[in-house]
Amino acid sequence: MKKLCIFLLAVVSSVATFAQVDHNRQGPLNDNSFNIVLLGDPQSYTKFDYNQPIFDMMMAWTQHHLDTLNVKAVLCTGDLVDQNENIVPPFPRFGNLPSEMQWDFVSREFARLDNRVPYLICTGNHDYGYLRAENSMTRFPEFFNVSRNFTQWDKTLVASTINRNGQQTLENAAMEISDSAWGKILIVALEFAPRDEVIEWAKNLVDSERFKEHKVILLTHAYITGYDARRYESVGYKLQDVNSGEQIWQKLVYPAKNIVMVLCGHYAVPNERYDYTTGFRTDKNSAGRNVHQMMFNCQGIGGGMSGNGGEGFLRLLEFMPDGKTVEVRTYSPLFGASGQTKHLAWRNESYDRFSFIVN
């Protein structure tokens, strides 16, 4: 019996030695921190059926790391689809799927997070009109309504207002999360190129007695560019009553005393340069407080606008237990899945891995 036990232990040890290594499993920088996962524009994953598995891997990775990374929220910069309402895909650059199939896919992917974690999505220009924001029509409320993630939003969703079509939707919404070190954080998502009345709604919300002491994160689609992080001076679409990045800054962000961060996407240049997939700048608001503004959108790499969608990169914002430091990291579950490519999974240039202080 003793010899048999030794033999079995040797077999188990041998099997363990040759067991598959999970290269994709990642941990936090600090066990007492929490993370917010930031997803750039998914449209180029969504519009091609052969790119969709990459976004599926990103969402599966996020789902499986909700506890590992202590994820308190997932945010997405919009442009969920490439065409909001089109039954004939505009081949070849603009995808090979009709709009309904694109919406179905991206909705199924976010279902991985439903009733597990609160998330907010700001709508992008491609989520309106036929091809891109010719009018205010959007299928976003049809696929992303409050009931789908109710057990999470019931605890976190605190405000919303009407969209361009007079409907109460999640296009303009706010949710609250909290942490023992960071206190209360309000995350506000705004529609693409928000109207003046939405700017006013958000301004009144963050200035209100209930939220004036919160740290506020603003999520909107088109705000600053990549590389040189310029705020957009104009919008350039047919929608009426719109505000550019600079107007959002002047009307909402600069006057507010508690907006500490602005996150956006939209900007994309098909030049295969990682420094163009992200932008970052810090400016003082009217109270002299730092406002950190970040763009993250990878759809211009991996073969350009008709390429693989962005090489699977997502961003982790880790809120450290000192209550003031945010560590930014950029990771690809696509590259991290294999021992042959795991050395490419973390982007470690200064514009992709850095920290900033929330004061």
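About the cut-offs
Residues numbered from 1 in each chain as written. Predicted model: local features only at pLDDT ≥ 70, side-chain atom pairs only at ≥ 80, totals over all residues. Heavy atoms only, no water. Pairing = 2+ DSSP bridges. Helix = DSSP H or I, 4+ residues; strand = E, 2+ residues; numbered from the N terminus. Axes fitted to C-alpha atoms, helices over the stretch in contact; angles between N-to-C directions. Contact = heavy atoms within 4.5 Å. Expected span 1.5 Å × (residues − 1). Buried < 20%, exposed > 50% of the residue type's maximum accessible area, 1.4 Å probe, protein only. Phe/Tyr/Trp six-rings, centres within 6.5 Å; stacked < 30°, edge-to-face > 60°. Lys NZ or Arg CZ within 6 Å of the ring centre and 35° of its normal. pLDDT = per-residue confidence, 0-100. Core = buried A, V, L, I, M, F, W, Y, C linked by side-chain atoms within 4.5 Å. Disulfide = S-S within 2.5 Å.

Here we take up the sheet that holds strand β5 (residues 168-179). Read across the sheet, seven strands follow the order β4-β5-β6-β7-β8-β10-β9 without closing on themselves; strand pairing throughout is mixed. A single partner strand is all that each edge strand has here, and the edge strands are β4 (157-162) and β9 (278-284). Here the strands of the sheet are splayed against their neighbours by 15° on average, with no regard to which way each runs. Across seven bridges, β9 lies against strand β10 (residues 290-296) in antiparallel orientation. Following the sheet pairing, D283 is matched in β10 by V291. The strands touched by helix α7 (residues 196-207) are β4, β5, β6 (183-189) and β7 (215-219); relative to β4, the strand with the most contacts, the crossing angle is about 155°.

The terminal C-alpha atoms of helix α3 (residues 52-64), which comprises 13 residues, lie 18 Å apart, in line with the 18 Å expected from a rise of 1.5 Å per residue. Listed in full, the buried residues belonging to α3 are Q52, I54, F55, M58, M59, A60, W61, T62 and Q63.

Most of strand β2 (residues 71-76) sits out of view: five of its six residues are buried. Where strand β1 (residues 34-39) lies against β2, five bridges are found, and the strand directions are parallel. When the sheet's bridge partners are listed, L38 is paired in β2 with L75.

Our next topic: the packing of aromatic side chains. Evaluated as defined, the whole model comprises 20 aromatic pairs. Measuring from centroid to centroid gives 5.7 Å for W103 and F143, while their planes differ by 10°, and the two rings are stacked. With a gap of 40 residues between them, W103 in helix α4 (residues 99-110) and F143 in helix α5 (residues 140-143) connect regions that are remote in the sequence. The exposure classification of W103 matches that of F143, with both residues buried. With centroids separated by 5.0 Å and ring planes inclined at 75°, the aromatic side chains of W182 and F319 adopt a geometry described as edge-to-face. Remark: F319 occurs in strand β11 (residues 314-319) and W182 occurs in the loop between β5 and β6; sequence separation between them is 137 residues. In this structure, W182 and F319 share a single accessibility class: buried. Put simply, the rings of Y45, F55, F105, F110, Y119, F140, F144 and W153 pair up and form one aromatic cluster. Directly above the aromatic system of Y274 lies the positively charged group of R347, at a separation of 4.1 Å from the ring centroid. Lying across the ring of F313, R347 places its NZ or CZ 4.7 Å from the centre.

Quick look at the confidence of the model for the protein now. For the protein, per-residue confidence averages 94 on the pLDDT scale, and residues scoring 70 or more make up 94% of the total. Within the model, the stretch residues 4-19 combines pLDDT values under 50 with zero contacts to residues more than four positions away or in other chains.

Our next topic: the nonpolar core. I36, F110, F144, I187 and F319 are the most contacted members of the largest nonpolar core, which has 65 residues in total. When residues no more than four places from it in sequence are discounted, the contact partners of F110 are L39, F55, M59, C76, L80, Y119, I121, F144 and R148.

Right, let's talk about α4 for a bit. The end-to-end C-alpha distance of α4, which contains twelve residues, comes to 17 Å, matching closely the 16 Å that a straight helix rising 1.5 Å per residue would cover. For α4, the full list of buried residues reads S99, Q102, W103, F105, V106, S107, E109 and F110. Where α4 is buried, its residues contact β1, α2 (43-46), α3, β2, β3 (119-121) and α5.

To continue, consider the state of the cysteines. In the structure shown here, the tally under the stated rule is zero disulfides. Take C264: it sits in no disulfide, and the sulfur closest to it among the cysteines is that of C122, at 8.2 Å. Note on C264: relative accessible area 0%, which makes it buried. Residue C298 stays outside any disulfide, its sulfur separated by 12 Å from that of C76, the closest cysteine. Of the residues examined, C298 reaches a relative accessible area of 4% and is grouped as buried.

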